[in-house]
Amino acid sequence: MANFKGHALPGSFFLLFGLWWSVKYPLQYLSQKVNKKSHRIYCFQRVDAIEGGIKIIFALIGMLAEQFVPDGPHLYLYSGENRDWVKLMNWQHTTMYLFYGLSGVVDVFTYISQVVPQGLDRLMLSMAVFVEGCLFYYHVLHRPMLDQHIHSLLLIAIFSGACSTMLEVFLRDNIVLEMFRAGVTIIQGTWFWQIGVVLFQPWGGLVWDEKDHSNIMFLTMCFFWHWAAAVAILAINYTLAYCCIQRCRRGSGEPYIGLGLRQQKRDMSSQAAFLNGSDEE
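This structure is a prediction, so every number in the text was calculated from the model and none was measured.

K.L.:
Could you give me a rundown of the overall build of the protein, with the residues and numbers involved?
P.N.:
A count of helices and strands for the protein gives 8 helices and 2 strands. Mapped in sequence order, the helices and strands of the protein form the string α-α-β-β-α-α-α-α-α-α. Per-residue burial over the protein gives 42% buried out of 281 residues. Taking contacts inside the protein between residues at least 6 apart in sequence as the whole, the part at least 24 apart equals 72%. Carbon together with sulfur atoms contributes 67% to the accessible area of the protein, which is approximately 15900 Å² in total.

Rendered as structure tokens:
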């Protein structure tokens, strides 16, 4: 949809997933650090499957919205005697949602079947993000300069996410890559909203001058403000997850993270007691 809603809808989807990942992956990493016996805790595997189902639902909502809005193509790719293309922009958005839906399907099958190779879920997600980037690259060719520039900034986040997710195929459960993916997904979400606000002014206000170079400079700077905000969100959520894990471990009386010095002192005191006992004998 070439309007504000058409940008706000995918922006909301990406923002929700990015925020969720920024909480989920620190909890998973810190939990595994405490409980080193299990490589992947079972509850997080179930969460991956639920996440895949939500991804499928979001993709279906997006495809239906793109196809069946009042001015949508309604599943017609071309029409008329001249076979003119019908709403190709909507079809491009539909294709983007399709690949994210396929990524969700692979997520679910990865959980329910042992036959699915490990890493295939990340490979499919990387492919979906790459397809999104390619579609948006050709989405804005021959458009006004401001429109092209604001979408090209989005491509930075998209292709960064595609590359980092591809690395996750080979570096499974790498917290740095997972947090980076969460961050660029948050940026995608907020920047989709920014594009909608700049191009369509949903709440009124002055129209942006598409030929003013100052607007290009400001939006470039604004994009990295979004990036800084995403980094702040990651740091806050990681800290909150750390505090939550610490509190739970203290409440249950189990050893908790970050007390390596105390653990060393306890080991040293144990060794000293053992040596004293040996001397007495």
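K.L.:
Before we move on, could you go through the nonpolar core and cite the residues and values that matter?
P.N.:
Grouped together as the largest cluster of nonpolar side chains are 41 residues, with contacts concentrated most on Tyr100 and Trp191. Within the residue set of this core, elements represented by two or more residues are α1 (4-34), α2 (42-68), α3 (88-112), α4 (120-139), α5 (145-170), α6 (175-200) and α7 (213-252). Sequence-distant contacts of tyrosine 100, defined by excluding residues within four places in its chain, comprise Phe14, Lys55, Ala59, Leu125, Ala128, Val129 and Glu132.

K.L.:
A description of a nonpolar patch on the surface should follow, citing residues and the corresponding values.
P.N.:
Together, Leu120, Leu123, Met127, Met166, Leu167, Phe170 and Leu171 give the surface a local cluster of nonpolar side chains, amounting to about 610 Å² of exposed area. Assignment of secondary structure puts phenylalanine 170 in helix α5.

K.L.:
How would you explain the packing of aromatic side chains if you had to name every residue and give the values?
P.N.:
Given two aromatic rings, their pairing is described by the distance between the two centres and the angle made by the two planes. Applying the stated criterion across every chain, the model contains 18 aromatic pairs. Both rings, one in phenylalanine 4 and one in tryptophan 193, keep their centres 5.4 Å apart while their planes meet at 80°; by these two values the pair is edge-to-face. Of this pair, phenylalanine 4 sits in helix α1 while tryptophan 193 sits in helix α6, placing them 189 residues apart in sequence. Measuring from ring centre to ring centre gives 5.2 Å for phenylalanine 223 and phenylalanine 224, while their planes differ by 80°; the resulting arrangement is edge-to-face. Grouped by ring-pair contacts, the aromatic residues Phe13, Phe17, Trp21, Tyr25, Phe58 and Tyr97 constitute a single cluster.

K.L.:
Describe the packing of α1 against α3, and please don't skip the residues or the numbers.
P.N.:
The N-to-C vectors of α1 and α3 enclose an angle of 20°; their axes lie 12 Å apart at closest approach. By the criterion of interaxial angle, the relationship of α1 to α3 is roughly parallel. In this structure, the crossing between α1 and α3 has a hand that is left-handed. Along its contact with α1, which presents Leu9, Pro10, Phe13 and Phe14, the element α3 presents Met96, Tyr97 and Tyr100. Partitioning the contact of α1 with α3 into residue classes produces 7 nonpolar, no polar and no charged.

K.L.:
Summarise α1; cite the residues concerned and give the values.
P.N.:
Compared with the 45 Å implied by 1.5 Å per residue over 31 residues, the 45 Å span of α1 between its first and last C-alpha is a close match. N-cap assignment for α1: the residue whose side-chain oxygen lies 3.2 Å from the backbone N of lysine 5 is asparagine 3.

K.L.:
Describe the environment of leucine 88, and please don't skip the residues or the numbers.
P.N.:
Along the chain, leucine 88 turns up in helix α3. When the C-alpha positions of leucine 88 and tyrosine 78 are compared, they lie 9.2 Å apart, and in sequence the two are 10 residues distant.

K.L.:
Would you mind going over unusual backbone geometry in detail, with residue names and values included?
P.N.:
Positive phi, close to 50°, is recorded for histidine 74, a residue that is not glycine. Structurally, histidine 74 is set in the loop between α2 and β1 (78-79). Exposure remark for histidine 74: the relative accessible area of 34% places this residue in the partly exposed category. Phi is positive for aspartate 173, close to 60°, though the residue is something other than glycine. One can find aspartate 173 in the loop between α5 and α6. Note on aspartate 173: relative accessible area 16%, which makes it buried.

K.L.:
Lay out the packing of α1 against α6 in plain terms, naming residues and giving numbers.
P.N.:
It is at 7 Å that the axes of α1 and α6 come closest, and there the two elements cross at 160°. By the angle between their directions, the pair α1 and α6 is classed as roughly antiparallel. Helix-helix and strand crossings are classified by hand; for α1 and α6 the assignment is left-handed. Across the contact of α1 with α6, the residue classes break down as 20 nonpolar, 11 polar and 2 charged.

Conventions and cut-offs
Along each chain, residue indices are assigned from 1 in the same order as the chain's sequence is written. Confidence filtering applies because this is a predicted model: local features only for residues at pLDDT of at least 70, side-chain atom pairs given and counted only at 80 or more, and all residues used for totals across whole chains, interfaces and linings. Excluded from the side-chain calculations are hydrogens and water; all other atoms, namely the structure's heavy atoms, are used. A run of H or I in DSSP counts as a helix once it spans at least four residues, and a run of E counts as a strand once it spans at least two, with each numbered from the N terminus. Only protein chains enter the accessibility calculation, which uses a 1.4 Å probe; a residue is then buried when its area is under 20% of its type maximum, exposed when over 50%, and partly exposed in between. A contact between two residues is defined here by any heavy atoms of the two lying within 4.5 Å. For the accessible areas, the method is Shrake-Rupley and the probe is 1.4 Å, while residue cover comes only from the protein chains on display. In plain words, nonpolar cores are sets of buried Ala, Val, Leu, Ile, Met, Phe, Trp, Tyr and Cys residues tied together by side-chain atoms within 4.5 Å. Only residues whose relative accessible area exceeds 30% and that form no salt bridge enter a patch; like-charged residues are grouped when within 9 Å of one another, and nonpolar side chains (Val, Leu, Ile, Met, Phe, Trp, Tyr) when within 5 Å. A side-chain nitrogen of Lys or Arg and a carboxyl oxygen of Asp or Glu constitute a salt bridge if their distance falls within 4 Å. What counts as a ring pair is set by centres within 6.5 Å for rings of Phe, Tyr and Trp (its six-membered ring), and what kind of pair is set by the plane angle: stacked under 30 degrees, edge-to-face over 60, tilted for all other angles. Interaxial angle, 0 to 180 degrees, is taken between N-to-C directions of lines fitted to C-alpha atoms, where a helix line uses only the stretch in contact. Roughly parallel covers angles under 35 degrees, roughly antiparallel covers those over 145, roughly perpendicular covers 65 to 115, and oblique covers all other angles. Whether a crossing is left-handed or right-handed is set by the direction in which the near helix is turned from the far one by less than a right angle, anticlockwise for left-handed and clockwise for right-handed. As a working rule, the residues Ala, Val, Leu, Ile, Met, Phe, Trp, Tyr, Cys and Pro are called nonpolar, Asp, Glu, Lys and Arg charged, and the rest polar, with Gly in that last group. Here the expected span of a helix is defined as 1.5 Å times the quantity of residues minus one. Contacts described as polar in this section are N or O atom pairs within 3.5 Å, which, within protein, must combine one atom able to donate a hydrogen with one able to accept it, while residues neighboring in sequence count only if both atoms come from side chains.

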